[in-house]
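# Geometric and topological summary
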Amino acid sequence: MFKSISVHLIAVLLLALTIYGAHVKGDEALGDTENQKEASSGQNAEVDNDSWIENLMWNLLGYATIIVPEAFIIRMLKNSNFNERSGTSCLLRSIQLCVFGAPHIESADVQAEDGGIKESPSKDESSPPPSFSQPSIKLLFCAGGLQLSYLTWGVLIEQIVRRTYKELLPDGSVKLVKFTNSQFLIFVNRSLALVAASSCILFTRQPRHTAPLYKYSYSSFSNILSSWCQYEALRLYVSYPTLILCGASKIIPVMIMGKIVANKSYPYHEYVLAVLLSVGVSLFLLAADPSGKRTSAATTFSGAILLLARMVFDSFTCNWQAELFSVYKMSTIQMMFGASLFSCLFTVWSMIEGGNFLSAVGFMMSNPEFAYHVTILSLASATGQLFIFYTIQSFGPVVFTIIMTIRMMLSIMLSCIINNHPLSAQAVLGVIVVFIALFLRVYARYRAKPSSV
């Protein structure tokens, strides 16, 4: 009892520490806005800062027009004997798969490994062991693919949400505008991910899918909100290095959500590392610009709320998907397909109801540079997800975590170089503390792995 209470108190204090660092930095930044604001861009930013809550409300209203009827229909069907009906019609079968899922069949013919390749029992006996160069080349391929995909994604997303594009007006004049529809970026991203997952399912062997399709809507909804909060925070309040470091500290809400969703327990060293992460992030957020001005990583209180919301939604997504993997044993490609399917449905319907879908498509069609950036961004995200699945399947989560930790370090360096983000000595110290905590966490997991086998 005492352990449970102390664990929750530590978690709450860690979250409060992170929010406090962002809040104090934001208050100081708000006091300096009059001296830092430019004529036209400052006014547009001020309007955007006031409208993100309104945009979020409209987005949620659009999602609700799908989620609420879906919940009523599912509950009605589950309370009836619909699943006991027999028939071969396409409509009946589709409803059963969406609401009840396919019955689980224990058969060697339908069992496949996660990732879709069926294991051959005689392979290890008949084939010689691989040479050292084979796994080394595969590891370099996975590491290079992950770095290239997500470093490209990081550079492009900061460019897309921060830069201005040329918009051709009806009178022939050109106007410089920023693209502010974060939901459309999520839609294009998930659309290409859906195509990639569909291609893998068509051309590779997958395990029998037994999960009800509506189960994916939960993690899809939280993933959409997590991505939206991330894009809005980056567009309005924070720099990409701040986003990366706050994302690294999502271990804290993941642990809390794991306790709530799956009643998980964690060793005490996980909470010690979480404290270290929070200290590092707070050092970074509270750092001042070397020139005496506030660093571009400064964030307002609204930015802190968006970052916290992103971590909470992201942690729910991770824990919900982990539960689905545990219960239904689907492959990661099937998970990618289901989540992307509902994400496309939610976002396109919400944009159509809000009346901004056609305008976003029109902006993309009339601006080749923006279309190129968004397409490469989405391709990088989709290929990155495939590399994630392949790397974890081939080398396990520890190697994957090391690769992604290095990716975060390189992303911060690239962002500071390309976008001229100045870092003070305190900010650099905060970055070092964060990555020391991350590598210690990887090492602790590596040491604990042999004892659990």
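Residues numbered from 1 in each chain as written. Predicted model: local features only at pLDDT ≥ 70, side-chain atom pairs only at ≥ 80, totals over all residues. Heavy atoms only, no water.

### Points about the pairing of strand β2 (residues 174–177)
The pairing of strand β1 (residues 165–168) with β2 spans four bridges and is classified as antiparallel. Looking at β2, one finds that L168 is bridged to V174. The loop that links β1 with its antiparallel partner β2 comprises five residues; one of these, G172, has a positive phi angle of about 95°. (Pairing = 2+ DSSP bridges. Helix = DSSP H or I, 4+ residues; strand = E, 2+ residues; numbered from the N terminus.)

### Here we look at the UniProt feature "transmembrane region" (unreviewed entry) in the chain
Mapped onto the present numbering, the UniProt feature "transmembrane region" (unreviewed entry) falls at residues 56–77, 237–256, 268–288, 333–352, 372–392, 399–418 and 424–444. Span residues 237–256 is 75% helix and 0% strand, its end C-alpha atoms 26 Å apart. End C-alpha atoms of residues 372–392 are separated by 30 Å, and the span's content is 100% helix alongside 0% strand. (UniProt positions renumbered as here; feature names shortened; annotations may be inferred.)

### Details of the nonpolar core
By size, the foremost hydrophobic cluster in this structure holds 74 residues, and its most contacted members are I157, F184, L185, F187, L245, F370 and L438. The biggest single contributor to this core is helix α8 (residues 216–236), with nine residues. For L185, the contacting residues outside a window of four places in its chain are I157, I160, V161, F179, Y231, F370 and V374. (Core = buried A, V, L, I, M, F, W, Y, C linked by side-chain atoms within 4.5 Å. Buried < 20%, exposed > 50% of the residue type's maximum accessible area, 1.4 Å probe, protein only. Contact = heavy atoms within 4.5 Å.)

### Quick word on the side chain of T347
Among the secondary structure elements, T347 is positioned in helix α13 (residues 332–354). Among the residues examined, T347 registers a relative accessible area of 0% and is labelled buried. A polar contact of 2.7 Å, which involves the side chain of T347, links it to the backbone oxygen of S343. Ignoring sequence-local partners within four residues, the contact set of T347 consists of Y63, Q183, I186, F187 and I224. (Polar contact = N/O pair within 3.5 Å; in protein donor to acceptor, adjacent residues only side chain to side chain.)

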